[in-house]
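# Per-entry structural report
Residue strings, one per chain:
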Amino acid sequence: MSNATGIAATSTTRLWSRLAAASVVVWAFVMSCTPLVDFDIWWHLKTAELIVQRGALPFGDWFTFTENDAAWVDLHWGFQLLARLIYGVAGVPGLVFATALALSMTVAIGFLTFGHKLHPSMQVAVWSLAAIGLSGRSLARPELVTIVALAIWLWILERQKQHPRWLWLLPFVQWLWSNCHALSVLGLVVASAFTADVILRLKLRSGEVGSPSQPSIASLGKLWAALILASFANPYLEAGAFFPWVLFQKLSSEQAFYATRIEEFLPPLEFMRQVGFRSWHFDAVILLWLITLMSFGIRAWLPAKDSKAGMRVDWFKLMLFVAFSFLGWKMLRNLSLLVVVAANVAVDNLGSTDGDEIRKRFLPGALQSVSNARLLMIQVAVILVLGVCHVTGHWGQWTGSFEGFGFSERTNWFAHRAAVFAGQPRMPDRAFVSNIGQAGVFIFHNSPERLVFMDGRLEVCSRRTFETFELALALMAKGDPSFVNLLGGRDEHGQLPSVVLDTRASRAAILGLVRIPTWRMVFADEVAVVFIESSLADELRLPAVAR
């Protein structure tokens, strides 16, 4: 009778553990279903359209009249073609759905990586924090490929202990990754940590030496050759392979400049100083990072689950955690990568330790008497309530964030109407678009026939152009007509660029420009306004729009 009761309890716990894991994956999907807000997706979509039309990838700039002689290493082309396919079939809802699917897949792969190594309730807690952290980057960007690819790398490296041949999937993953996002170099970072761990274990002659879980040095050499070959297998060859390092150097040396202008380049500590703990996404990442940090101590000092365990410190996981902590603490945009690594490392560390000992030491006394199945039931109920709160909008109200649930664009966010207006026949072929994000919207509707002064492609646009861009806006705000000297002069038709100003970010420039009699505001809505020279406005019979 006792055995039957134990079997029934185990069966119930197993059922609820699966339901809990599924609920976290679904919750990650629901939390990531937020209205589209990312500006970069528009120039990505336009690039894909031109690639298909021209049958060629860009090697020089296609979209600006200030950097038209600059080289453009577009390693995002694979993502761009996929995004364009999705957009062509399902529009913006399809992009939002695909973004949420990618982030929820990352969580699902995390659950599969270590299986039931860690107690289900603890695993659910860790990946719930990861889901909140990842949903903060629910943007239709190439970094989605990096997030998923990183999770796949960790899954393959963990499972190669039972399936050594799976290591040879990594060069294929690396090849796809290298043709979708510049951060594919992180695959080589993971491979370096894994190789160093193998060599260290051989040197220390741990109990794992010679076991099937450890590839030979010869096998690793062949794997490295395949990975390097995969990294060079892009249309830009060595320029593409080394481009991540070039971009990293640029953003590192000029981070102070960009961080004051673009929030995602802020160091997290500076963001914390400015915002405090008012961002739930950021708070979840910090808590997850602290749990992962503590997990190394727990693994080292508490009894191991396996009495025959070798080294109590997994040097591979430690090196990974240190490397991605460095990246994550360097700038906000890298925190999603830290989340993937930290969650996997925490689950592995805690799963290598006696679960009963962890429960006894770290769970409150009231929860220690709760059965495993009941604890999982509580977690499922909490996740269900939070999911409903997100769908109904209450989550956004509680957290003070603008993210709501939806599959459309955020209302009055993108300057579509202003861009279409500025792209009418006989309007200038060039445009100065304030808010470099809205420049992507202009590009989507009007390029390559019409070019912009600067857009959000920092790998193409230089700091000098950015500084000129800001100076022009400052002169506009003062009502100083000399700003035209910074716009590149008149074109072959004798026209100056049109000026498209974002109503949220460029209010001062709008108020200043209306005071200059040689310029006229000919379009305005809630998102943006359009100015052209008064003489051209008279020629096109465009009256001034009321302020």
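In case you missed it, the structure is sitting above this.
Predicted, not measured: the structure shown is a model, and the values here were computed from it. (Residues numbered from 1 in each chain as written. Predicted model: local features only at pLDDT ≥ 70, side-chain atom pairs only at ≥ 80, totals over all residues. Heavy atoms only, no water.)

### Thoughts on the packing of helix α6 (residues 170-178) against helix α8 (residues 217-232)
Two packed helices can be described by the angle between their axes and the distance between those axes. Our working rule: Lines are fitted to the C-alpha atoms to define the axes, a helix being fitted only along its stretch in contact, and any angle between axes, read from their N-to-C directions, falls within 0 to 180 degrees. Secondary structure follows DSSP: runs of H or I at least 4 residues long count as helices, runs of E at least 2 residues long count as strands, and numbering of each begins at the N terminus. Small angles under 35 degrees read as roughly parallel and large ones over 145 as roughly antiparallel, with 65 to 115 read as roughly perpendicular and the rest as oblique. Working rule for handedness: look at the near helix, and if it is turned counterclockwise from the far one by less than a right angle, call the crossing left-handed; if clockwise, right-handed. Pairs of residues are marked as contacts when any of their non-hydrogen atoms sit within 4.5 Å.
Relative orientation of the contacting elements α6 and α8 amounts to 20°, with a least axis distance of 8 Å. In terms of orientation, α6 lies roughly parallel with respect to α8. In the crossing of α6 with α8, the sense of the turn from one axis to the other is right-handed. Residues L170, P171, Q174, W175 and S178 of α6 lie in contact with α8, whose contacting residues are L223, A226, L227, A230 and S231.

### As for the pairing of strand β3 (residues 498-502)
Looking down a regular strand, the side chains alternate between one sheet face and the other. Selection criterion: The buried label applies to any residue whose accessible area, calculated with a 1.4 Å probe on protein chains only, is under 20% of its type's maximum; exposed applies above 50%, and partly exposed to all values in between. Note on pairing: two strands pair once DSSP finds at least 2 bridges between them.
Burial analysis of β3 places five of its five residues in the buried class, which makes it a mostly covered element. Residues S498, V500 and D502 point to one face of β3 and V499 and L501 to the other, with burial holding for every one of them. Pairing of β3 with strand β5 (residues 528-533) involves four bridges; the strand directions are antiparallel. Each bridged residue has a counterpart across the sheet, and for L501 the counterpart in β5 is V529.

### Things to note about the pattern of salt bridges
Keep this limit in mind: A carboxyl oxygen of Asp or Glu within 4 Å of a side-chain nitrogen of Lys or Arg is what we treat as a salt bridge.
All chains considered together, the criterion is met by 24 salt bridges. Residue K161 is joined to E158 by a salt bridge in which the shortest nitrogen-to-oxygen separation is 3.3 Å. We note a salt bridge from D314 to K317, for which the minimum N-O separation is 3.4 Å. Salt bridges here are not isolated pairs; linked through shared partners, they connect D38, D40, R137, R141, E143, E264 and R333.

### Some details on the nonpolar core
As a reminder of what qualifies: Throughout this description, the term nonpolar core refers to a set of buried Ala, Val, Leu, Ile, Met, Phe, Trp, Tyr and Cys residues connected via side-chain atoms within 4.5 Å.
The biggest cluster of nonpolar side chains holds 116 residues, and the ones touching the most others in it are F324, F483 and L501. No other element matches the 12 residues that helix α14 (residues 335-351) contributes to this core. Those residues in contact with F483 that sit more than four places away from it in its chain are A472, L475, M476, V499, L513, I516 and W519.

### A short note on the packing of aromatic side chains
Quick note on the threshold: We call Phe, Tyr and Trp rings a pair once their centres come within 6.5 Å, taking the six-membered ring for Trp, and we label the pair stacked below 30 degrees between planes, edge-to-face above 60, and tilted otherwise. By definition, being over a ring means that NZ of Lys or CZ of Arg is both within 6 Å of the ring centre and within 35 degrees of the ring normal.
In total, this model carries 34 aromatic pairs according to the counting rule given. With a centroid separation of 6.1 Å and an interplanar angle of 35°, the aromatic rings of F172 and W175 are classed as tilted. Separated by three residues within a single helix, F172 and W175 lie in helix α6, roughly one turn from each other. The exposure class assigned to W175 is partly exposed, which follows from its relative accessible area of 37%. Taken together, the ring pairs in this structure connect F65, F257, Y258, F265, F432, F453, F466 and F469 into an aromatic cluster. Over the ring of F257 we find R261; its NZ or CZ atom is 3.8 Å from the centre of that ring. In this arrangement the basic side chain of R504 is found over the ring face of W413, its NZ or CZ atom lying 4.5 Å from the centre.

### Concerning the pairing of β5
In terms of burial, β5 is largely enclosed, as six of its six residues are buried. Taken together, the five bridges between strand β4 (residues 519-524) and β5 define a ladder with antiparallel strand orientation. The residue of β5 that forms the bridge with A524 is V529. What sits between β4 and β5 in their antiparallel hairpin is a turn of three residues.

### Notes on the sheet that holds strand β2 (residues 451-452)
If you trace the five strands from one edge of the open sheet to the other, you get β2-β1-β3-β5-β4, paired in mixed fashion. Every other strand in the sheet has two partners, leaving β2 and β4 as the edge strands with one partner each. Here helix α21 (residues 463-477) sits on the sheet and contacts β1 (430-433) and β3; the angle it forms with β1, its principal contact strand, is near 75°.

Geometry only, nothing functional implied.
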